[in-house]
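Reading the structure
The primary structure of each chain is shown beneath.
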Amino acid sequence: MQAFANLNNFYDKIYVLSVTAAAERRKQFQQLFDGLNYQFYFGADKNTFSIEEVKQKNIYSEPLTKKNHRYSKTMKHGEIACAWSHKMIYEDMLQNGYQRILIFEDDAVPDEHVLQNSNNILKEIPPTAELVFWGWGKNEKAPPFSFLKKAIYHLQHRLGFLKWNHQVITNNYARPYAKHLKKAGFHDFTYAYAINQTAAKKLIAMQTPLQYVADNLLAYAATQQQIEAYIVHPMAFLHDTLPDGSPKDSYIR
């Protein structure tokens, strides 16, 4: 596929996050992404560490997680592993001096129709872009009367009932930018996205110790405009799902 050749040329390194047990996932990925130059990256496996262990070593902070989470939740065991694994990739990027990387999780699926425009998509990415979601979930478009919802959120924040600050609320939905790109809002998922070195440094700082679920880290950084972030629209990579449309079980989480 020409799109894969375009991605190979644009990015210095392409990582595919996986765990040892996900052999079938890797087999499917290899079949779907034939022609893409990538490396499987085996990150933190929730079966090889305990939550108490990472808390004691200050790898993960439960108080900071509660402080930053919208509903004051802690991270589940698998969510810690997922967040840690993505952070490991950021660190590996910096250690190897890569300028731009593309990160997949092993359950990503290419949308061949959208990828026909890969060359035009890549041309639209501004040189200042720090994060590009090639796949994502929710908040692609502000629904009717979203201004009322935002007004309620702003009021709740002022009264101390909502942790989202005014900037996150204002930037919650994606905004127009170019034909194939939108300015990012607060989006779900980390199964297909790209970052540059400046984003990696900022994300590591925000995630030391671990305190955000992996996709919330990107969403907060984008909506608080700590990093310059975009989404490919429509998305070029999809999340592998079951026949009923629900996501398959994640080995990583």
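Coordinates for the structure precede this section.
An account of the accompanying structure is given in this report. (Residues numbered from 1 in each chain as written. Predicted model: local features only at pLDDT ≥ 70, side-chain atom pairs only at ≥ 80, totals over all residues. Heavy atoms only, no water.)

**Comments concerning the nonpolar core**
- Of all hydrophobic cores here, the largest spans 49 residues; its most connected members are Tyr90 and Ile195.
- Here this core gets eight residues from one element, more than from any other, and that element is helix α5 (residues 77–96).
- Tyr90 has contacts with Ile103, Tyr193, Ile195, Ala200, Leu203, Ile204, Leu217 and Leu218, leaving out every residue within four places of it along the chain.
- Grouped together as the second largest cluster of nonpolar side chains are 30 residues, Phe29, Leu36, Phe104 and Ala236 included. (Core = buried A, V, L, I, M, F, W, Y, C linked by side-chain atoms within 4.5 Å. Buried < 20%, exposed > 50% of the residue type's maximum accessible area, 1.4 Å probe, protein only. Helix = DSSP H or I, 4+ residues; strand = E, 2+ residues; numbered from the N terminus. Contact = heavy atoms within 4.5 Å.)

**What to know about the sheet that holds strand β8 (residues 192–196)**
- Strand order in the open sheet formed by eight strands is β2-β1-β3-β8-β5-β9-β7-β6, with mixed pairing between adjacent strands. Each having just a single partner strand, β2 (39–42) and β6 (175–176) make up the two edges of the open sheet.
- Judged from the three bridges that link them, strand β7 (residues 181–183) and strand β9 (residues 229–232) form a sheet pairing that is antiparallel. For Lys182, the partnering residue across the bridge sits in β9 and is Ile231. (Pairing = 2+ DSSP bridges.)

**Quick notes on the layout of surface pockets**
- Computed from the structure, the largest pocket encloses a volume of approximately 560 Å³.
- Only α5, α8 (146–158) and α11 (214–223) provide two or more residues apiece to the lining of the largest pocket.
- The leading source of residues in the lining of the largest pocket is α11, at three residues. (1 Å grid on protein atoms, 1.4 Å probe; cavity = no way out; pocket = protein on both sides within 12 Å on 5 of 7 lines; lining within 4 Å. Points joined across faces, edges and corners; volume = space filled by probe spheres on them.)

As far as function goes, none of this settles anything; it's purely spatial.
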